[in-house]
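# Secondary and tertiary structure notes
Listed below are the residues making up each chain.
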There are 2 protein chains.
Amino acid sequence: MVSARRQQILEAALEVFAERGFKGTSIDAVAERAGLTRQGVLHYFPSKKRLLLDLLAFREELAREHLAGRRLGEDWAGDFAEAVAFEVHHPSLATVQTVVLAEAVTGQEPACGYVRERSRSLQEHLTAHLIERYGDRLPSGLDPRTAAAAVLALIEGVHQLWLVDQDAERYPRIVHEALSVLLGTDSAPEPHLPQPQLPLTNG
Amino acid sequence: MVSARRQQILEAALEVFAERGFKGTSIDAVAERAGLTRQGVLHYFPSKKRLLLDLLAFREELAREHLAGRRLGEDWAGDFAEAVAFEVHHPSLATVQTVVLAEAVTGQEPACGYVRERSRSLQEHLTAHLIERYGDRLPSGLDPRTAAAAVLALIEGVHQLWLVDQDAERYPRIVHEALSVLLGTDSAPEPHLPQPQLPLTNG
DNA sequence: GTCTATACGGTGATAGAC
DNA sequence: GTCTATCACCGTATAGAC
């Protein structure tokens, strides 16, 4: 499905889009980084717009692959923390997402449709999963729809905080702890246990 | 401090930057919307970069003015919900923030320094205030530094969610409820009042 | 001081010709 | 593929009107 050439171009595009945004990127720049000509890129991706959309799909696929071994939904806080940890080690993925989002809020194609649909879809699915798991009220007291929005907002915001933070490595843990509280799955918030079961590398 | 002319230019710049980003905006476009020439704009703001930085300061000042009547820190969740409610009714403010942030994560000036410093400063101040108020452990069980990062991430993420959401009006309430849980100041997850005390004009 | 009008040098992206 | 024409923009003048 994804030829080596295609993937090579997608990886080059990922870097260039992350560095210079969509508007700021020329197909020539992607071609140069991938080691071929503009015509070569256009052979695989008929337009810059299509290249970006395929790149976003590629990005989601990478993230999904990384979570493939987990049993999603048993430990939401852990799932999202793991996803964030993955992105922390692949800054281009988060950067391109942020860049596309910014172009979406200005109403520009092609990002606009993608971001709106993705946001709506994620909220809807997460809400449904939370209802299935907890009913109409989470252990934290939040209703599932509110919690889903808050969780996604936290994840999106974390993307941007760690991108400009010296110490990006602490964000997976932040996500894990904050989501545990938000959902109410916090097993031990009490001062009696100094050693939580999380892989805290230190404080 | 801010002449009428300056403010007029800033408001025009706010709209144009929000619509087209920093790179995509020409001084001519700002000048045209403000009703003068490029030279007129450059008379007040010696460069495009400076125009953006002053615009960001202007944006913060607007937000601060809007919260001037509150006794900040007594009710953090309410404070932030109010701030979000304000921005929901001024989409250009949130949009320009998002756009600038995206340009910052690609390492581009002038946004980069501003965003990094603002993020660091906000986290530091909020952490200090939380420690002063709650000590080294919030009622939710989170430590103040983690909570501060989570709160700011939630706020940043909410900016972007509501910008692409049909129903932006629900986000102030989401922020209020989610922050109450995150901080542990959740007094009563009451199902009885769908009408918070915020000045939501409604939709 | 607050602008307008005009113009110049420099840049970076784009498009066409060779 | 390189070279060149073109374009849009930034920033910096200058001169002058109110």
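Starting from 1, residues in each chain are numbered consecutively following that chain's sequence as written. Throughout, the order in which chains and ligands are written sets their labels, letters from A for the former and numbers from 1 for the latter. Reporting in this predicted model follows two pLDDT cut-offs: at least 70 for local features of residues, and 80 or more for side-chain atom pairs to be given and counted; totals over whole chains, interfaces and linings ignore these cut-offs and use all residues. Side-chain metrics in this entry use all non-hydrogen atoms of the structure; hydrogen atoms and water are not considered.

Chain A is annotated in an unreviewed UniProt entry as TetR/AcrR family transcriptional regulator of Streptomyces hyaluromycini.

## Considering the overall build of chain A
Applicable threshold: In this description a helix means any DSSP run of H or I spanning at least four residues, a strand means any run of E spanning at least two, and both kinds are numbered starting from the N terminus. Each residue's exposure class comes from its accessible area (1.4 Å probe, protein chains only) as a fraction of the maximum for that residue type: buried when under 20%, exposed when over 50%, partly exposed otherwise. Accessible surface area values rest on a Shrake-Rupley calculation with a 1.4 Å probe, where residue burial reflects the displayed protein chains alone.
Counting its secondary structure elements, chain A contains 9 helices and 0 strands. Secondary structure elements of chain A occur, N-terminal to C-terminal, as α-α-α-α-α-α-α-α-α. In terms of its C-alpha atoms, chain A occupies a principal-axis envelope of roughly 65 × 35 × 30 Å. Burial statistics for chain A: of 203 residues in total, 53% are counted as buried. Within the structure as shown, chain A displays about 9600 Å² of accessible surface, and the carbon and sulfur contribution to it stands at 52%.

## Let's talk about the relation of the copies chain A and chain B
Quick note on the threshold: Residues reaching a pLDDT of at least 70 in both copies supply the C-alpha atoms on which the copies are superposed by least squares. Whether two residues are in contact is decided by their heavy atoms, any of which lying within 4.5 Å being enough.
For these two chains of identical sequence, chain A goes onto chain B by a turn of 180° and a shift of 0.0 Å along the axis, with RMSD 0.1 Å. A rotation of that kind, with that shift, is consistent with a two-fold axis. Comparing contact sets, 98% of the residues at the interface of chain A also lie at the interface in chain B, consistent with an isologous, same-surface contact.

## Observations concerning the UniProt feature "DNA-binding region" (unreviewed entry) in chain A
Keep this limit in mind: UniProt positions are given in the numbering used here, feature names are shortened, and annotations may be inferred rather than shown by experiment.
In the numbering adopted here, UniProt assigns the feature "DNA-binding region" (unreviewed entry) to residues 26–45 of chain A. Across residues 26–45 of chain A one finds 75% helix and 0% strand; the C-alpha atoms that close the span lie 13 Å apart.

## Re the protein's contact with DNA strand D
Residues and elements named next belong to chain B. Stated precisely, the cut-off is as follows: The criterion for a residue being near a molecule or strand is simple. One of its heavy atoms has to lie within 4 Å of it. Residues adjacent in sequence count toward polar contacts only when both atoms are side-chain atoms; beyond that, a polar contact is any pair of N or O atoms within 3.5 Å, and within protein one must be able to donate a hydrogen and the other to accept it. For this scheme, ten residues count as nonpolar: Ala, Val, Leu, Ile, Met, Phe, Trp, Tyr, Cys and Pro. Four count as charged, namely Asp, Glu, Lys and Arg, and the remainder, Gly too, count as polar.
In the vicinity of DNA strand D, the contacting residues are Thr25, Ser26, Ile27, Arg38, Gln39, Leu42, Pro46 and Lys48. The sugar-phosphate share of atoms of DNA strand D within 4 Å of the protein amounts to 67%. In this structure, Thr25 approaches DNA strand D through a main-chain N or O atom, which is 3.1 Å from a phosphate oxygen. With respect to DNA strand D, the backbone of Lys48 contributes an N or O atom lying 3.1 Å from a phosphate oxygen. Of the residues forming the surface near DNA strand D, the biggest block, 3 residues, is contributed by helix H3 (residues 38–44). Each residue belonging to the surface near DNA strand D can be placed in one class, and the counts come to 3 nonpolar, 3 polar and 2 charged.

## Remarks on the interface of chain A and chain B
This is how it is decided: Defined here as a combined quantity, buried area equals the accessible surface (1.4 Å probe) lost by two parts on assembly, summed across both.
Contact residues are listed per partner, giving 48 residues for chain A and 48 residues for chain B. Summed over both partners, the interface of chain A with chain B buries about 3800 Å², with 64% contributed by carbon and sulfur atoms. Three residues stand out in chain A for area buried against chain B, namely Val105, Leu161 and Val164 of chain A, and they jointly supply 15% of the buried area on that side. Where chain A meets chain B, there are 6 residue pairs in polar contact (both at pLDDT 80 or more). Elements represented by at least two residues in the side of chain A that touches chain B include exactly helix H1 (4–20), helix H6 (91–105), helix H7 (111–134), helix H8 (144–163) and helix H9 (171–183) of chain A. No other element matches the 13 residues that H8 of chain A contributes to the side of chain A that touches chain B. For the side of chain A that touches chain B, the per-class residue count stands at 22 nonpolar, 12 polar and 14 charged.

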